[in-house]
Amino acid sequence: MCPMLTSRRAIDALAVALCLSLFGGPSASFELISRDDWGANAATLPLKQHTPVRITIHHTAVGQNHARDITRKLRALQSFSQSDELLANGHRKEAWADIPYHFYIDAEGAIAEGRQVHFVGDTNTDYDPTGHIGVVLEGNFDHEQPGEEQKKSLGQLLIFLTSEHGIPADNIGYHKGFAATACPGENLIAALPRILERVRGQ
Ligand SMILES: [Zn+2]
């Protein structure tokens with residue numbers, strides 16, 4: 001078993017791929033909570049394949065919850081994602097096939113797999129997410145600060161994803177760079193340059 005990365009259950013194909021990729025450097029090691037680990041349902045609609053060429057960062061825009069387990073958060077997010085819902089802003093969100101993001105980093109810095117990375121994500125805003133790997137951090141960073149563990153996990157995940165998919169660090173951006181939105185919040189946007197410095201330094 002790879003000492004660099006462990007899955008909570010049996011190591012699946014994705015975890016093995018991560019493990020092999022990460023074997024070179026302890027600074028990039030992390031534990032990925034796979035879809036199997038959190039009990040994902042299958043996608044409920046057809047998914048479109050894409051080749052990831054950039055990484056785009058989001059926030060959940062909901063206050064951090066330090067008490068709830070990440071597996072419950074992911075199941076709730078998937079249930080919301082796969083339903084037709086009336087949003088707080090009065091707009092109706094159509095049902096998506098799955099969680100719109102590919103990776104989720106919770107308030108404690110735990111990292112979970114969302115939509116599988118080779119399928120195009122979804123968005124409520126006016127941009128085409130084809131080619132984007134969506135990474136969402138739990139919190140509303142217009143009001144909260146991203147935690148140290150969250151920032152560390154984001155750096156580790158970005159180092160892994162840029163290497164795994166051959167994505168240059170210049171292609172790491174955030175939602176507000178593509179659409180009319182405050183996402184991922186001013187406090188996370190302000191924290192990104194230091195995180196990207198670390199990614200570029202690998
Ligand atoms: Zn966003």
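What you see is a predicted model, and the numbers here were worked out from it, not measured in a lab. (Residues numbered from 1 in each chain as written. Predicted model: local features only at pLDDT ≥ 70, side-chain atom pairs only at ≥ 80, totals over all residues. Heavy atoms only, no water.)

Student: How would you sum up the overall build of the protein? Please name residues and give values.
Tutor: Within the protein one finds five helices and eight strands. Each of the 202 residues in the protein was classed as buried or not, and the buried ones make up 49%. Pairs at least 24 residues apart make up 72% of the contacts formed inside the protein by residues separated by at least 6 positions. Summed over its atoms, the accessible surface of the protein is roughly 9,800 Å², and 50% of this surface lies on carbon and sulfur atoms. (Helix = DSSP H or I, 4+ residues; strand = E, 2+ residues; numbered from the N terminus. Buried < 20%, exposed > 50% of the residue type's maximum accessible area, 1.4 Å probe, protein only. Contact = heavy atoms within 4.5 Å. Areas by Shrake-Rupley, 256 points an atom, 1.4 Å probe, with all protein chains shown as cover.)

Student: Could you give an account of the pattern of salt bridges, with specific residues and numbers?
Tutor: What the rule picks out here adds up to seven salt bridges. A salt bridge links Lys151 to Glu148; its shortest N-O distance comes to 3.2 Å. Note that Lys151 and Glu148 are positioned in helix H4 (residues 148-165) at a spacing of three residues, about one turn of the helix. Linking Asp170 and Arg200 is a salt bridge whose minimum nitrogen-to-oxygen distance equals 2.8 Å. A residue pair is termed long-range when its members are at least 10 positions apart, and Asp170 in the loop between H4 and strand E8 (172-174) and Arg200 in helix H5 (residues 186-200) qualify at 30 residues. Residue class for Asp170 comes out exposed when judged on its relative accessible area of 63%. (Salt bridge = Lys/Arg side-chain N within 4 Å of Asp/Glu carboxyl O.)

Student: How would you summarise H4 if you had to cite specific residues and measurements?
Tutor: With 18 residues, H4 should cover 26 Å at 1.5 Å per step; its first-to-last C-alpha distance of 26 Å lies within 8% of that length. The set of residues buried in H4 consists of Gln150, Ser153, Leu154, Gly155, Gln156, Leu157, Leu158, Ile159, Phe160, Leu161 and Thr162. Within two residues after H4, Gly166 carries a phi angle of roughly 65°, on the positive side. (Expected span 1.5 Å × (residues − 1).)

Student: Explain the environment of His50 to me, and be specific about the residues and the numbers.
Tutor: Examined against the element boundaries, His50 turns out to sit in the loop between helix H2 (35-38) and strand E2 (54-59). We classify His50 as buried; its relative accessible area is 8%. Put simply, His50 and His118 are 68 residues apart on the chain and 5.6 Å apart in space, counted from C-alpha to C-alpha. For His50, the side chain forms a polar contact with the main-chain oxygen of Val117, separated by 3.0 Å. At 2.7 Å, the side chain of His50 forms a polar contact with the backbone nitrogen of Gly131. (Polar contact = N/O pair within 3.5 Å; in protein donor to acceptor, adjacent residues only side chain to side chain.)

Student: Describe the coordination of the zinc ion, with residues and values.
Tutor: Within the first shell, the zinc ion binds the protein through His58 (ND1), His175 (ND1) and Cys183 (SG), at distances of 2.0 to 2.2 Å. Site description for the zinc ion: donor spacing in sequence, H-x116-H-x7-C. The buried category is assigned to Cys183, whose relative accessible area is 7%. (Donors = N, O, S within 2.8 Å, 3.2 Å for Na, K, Ca; no water.)

Student: Describe the side chain of Asp106, listing the residues and the values that go with them.
Tutor: Relative to the elements of secondary structure, Asp106 occurs in the loop between strand E5 (103-105) and strand E6 (111-113). The buried charged residue Asp106 lacks any salt bridge, with Lys73 as its nearest oppositely charged partner at 4.2 Å. For Asp106, the residues in contact, after removing those within four places along its chain, are Ile70, Lys73, Glu138 and Gln150. (Lys, Arg positive; Asp, Glu negative; His and termini not counted.)

Student: Can you tell me about the pairing of strand E7 (residues 132-137), naming the residues and giving the values?
Tutor: By the criterion of burial, E7 is predominantly enclosed, with six of the six residues buried. Where burial is concerned, the two faces of E7 agree: the one with His132, Gly134 and Val136 and the one with Ile133, Val135 and Leu137 are both buried. Note: E2 against E7, six bridges, orientation parallel. Paired with Ile57 across the bridge in E7 is Val135. (Pairing = 2+ DSSP bridges.)

Student: Let's hear about the packing of aromatic side chains: which residues, and what values?
Tutor: Tallying each qualifying case throughout the model produces two aromatic pairs. Centre to centre, the rings of Phe30 and Phe160 are 5.9 Å apart; their planes meet at 70°, and the pair counts as edge-to-face. Remark: Phe160 occurs in helix H4 and Phe30 occurs in the loop between helix H1 (13-22) and strand E1 (32-33); sequence separation between them is 130 residues. Across the pair, exposure class does not vary: Phe30 and Phe160 are buried alike. Between the aromatic rings of Tyr127 and Phe178, the centroid separation amounts to 5.9 Å while the plane-to-plane angle is 25°, which identifies the pairing as stacked. Of this pair, Tyr127 sits in the loop between E6 and E7 while Phe178 sits in the loop between E8 and H5, and the two are 51 residues apart along the sequence. Under the relative-accessibility criterion, Phe178 is labelled partly exposed at 32%. Taking the ring centre of Phe80 as reference, the NZ or CZ of Lys93 above it sits at 5.3 Å. (Phe/Tyr/Trp six-rings, centres within 6.5 Å; stacked < 30°, edge-to-face > 60°. Lys NZ or Arg CZ within 6 Å of the ring centre and 35° of its normal.)

Function cannot be read off these values alone, since they describe shape.
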